[in-house]
Amino acid sequence: QVQLVESGGGLVQAGGSLRLSCAASRSINVLGWYRQPPGKQRELVAVIRGGGTTNYTDSVKGRFTISRDNAKNTVYLQMNSLKPEDTAVYYCYAYGIDVWGQGTQVTVSS
């Protein structure tokens, strides 16, 4: 069973930055970051494929960057210019095998 372990969440002021990490127990071709704001449904934030191509939801374009280190089986989400509406539990997801990480809380104060 593949495991995904997220880290890097926390409390930050609006305008600040955080970097999330998701370490996989083995190589995964397509990985994504999702988030679930309080009282809302889980939504896609960004996806990265094995070749490095990426996609972002419109609300984070220009502020968030997804990247990966294949040697470490790790995917990152660099989040800049954070806004209070970015507050959510952020989850890592492995496409193809339908595996979720445990989630990490990101709270942005105004």
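All of the points below concern the structure found in this document. Everything quoted here is computed from the prediction, not taken from an experiment. (Residues numbered from 1 in each chain as written. Predicted model: local features only at pLDDT ≥ 70, side-chain atom pairs only at ≥ 80, totals over all residues. Heavy atoms only, no water.)

### What about the sheet that holds strand β1 (residues 4-7)?
Logical step 1: Ordered by their spatial adjacency, 4 strands build an open sheet running β1-β3-β8-β7, and the pairing between neighbours is antiparallel. What marks the edges here is a single partner per strand, and that holds for β1 and β7 (64-69). Each strand of the sheet is rotated relative to its neighbour by a mean of 15°, with strand direction disregarded.
Logical step 2: One ladder, built from 6 bridges, connects strand β3 (residues 18-24) with strand β8 (residues 74-79); its direction is antiparallel. By the bridge assignment for β8, L20 is matched with L77. (Pairing = 2+ DSSP bridges. Helix = DSSP H or I, 4+ residues; strand = E, 2+ residues; numbered from the N terminus. Axes fitted to C-alpha atoms, helices over the stretch in contact; angles between N-to-C directions.)

### Topic: the state of the cysteines
Simply put, disulfide is the name for a covalent bond between the sulfur atoms of two cysteines.
Logical step 1: Applying the stated rule across the entire model yields 1 disulfide.
Logical step 2: One disulfide bridge connects C22 with C92, the sulfur atoms lying 2.1 Å from each other. Negative torsions about the S-S bond denote left-handed disulfides, and the value of about -85° found for C22 with C92 makes this one left-handed. A residue pair is termed long-range when its members are at least 10 positions apart, and C22 in strand β3 and C92 in strand β9 (residues 88-94) qualify at 70 residues. Taken individually, C22 and C92 each receive the classification buried, so the pair is uniform in this respect. (Disulfide = S-S within 2.5 Å. Buried < 20%, exposed > 50% of the residue type's maximum accessible area, 1.4 Å probe, protein only.)

### Focus on the pairing of β7
Logical step 1: The two faces of β7 differ: F64, I66 and R68 on one face are buried, but T65, S67 and D69 on the other face are not.
Logical step 2: Direction of pairing for β7 relative to β8: antiparallel, over a ladder of 6 bridges. Bridge pairing in β8 links F64 to M79.
Logical step 3: In sequence, β7 turns back onto β8 through a hairpin of 4 residues, with N73 there showing a positive phi of about 50°.

### Quick word on the pattern of salt bridges
Logical step 1: Counted according to the given criterion, the structure contains 4 salt bridges.
Logical step 2: A salt bridge links D86 to R35; the shortest N-O distance between them is 2.9 Å. One end of the pair, D86, is in the loop between β8 and β9; the other, R35, is in strand β4 (residues 31-36), with 51 residues separating them in the sequence.
Logical step 3: Given a relative accessible area of 1%, D86 falls into the buried group.
Logical step 4: Between D58 and K61 there is a salt bridge, and its shortest N-O distance comes to 3.0 Å.
Logical step 5: Three or more residues are tied together by salt bridges with common partners; here these are R35, E43, R63 and D86. (Salt bridge = Lys/Arg side-chain N within 4 Å of Asp/Glu carboxyl O.)

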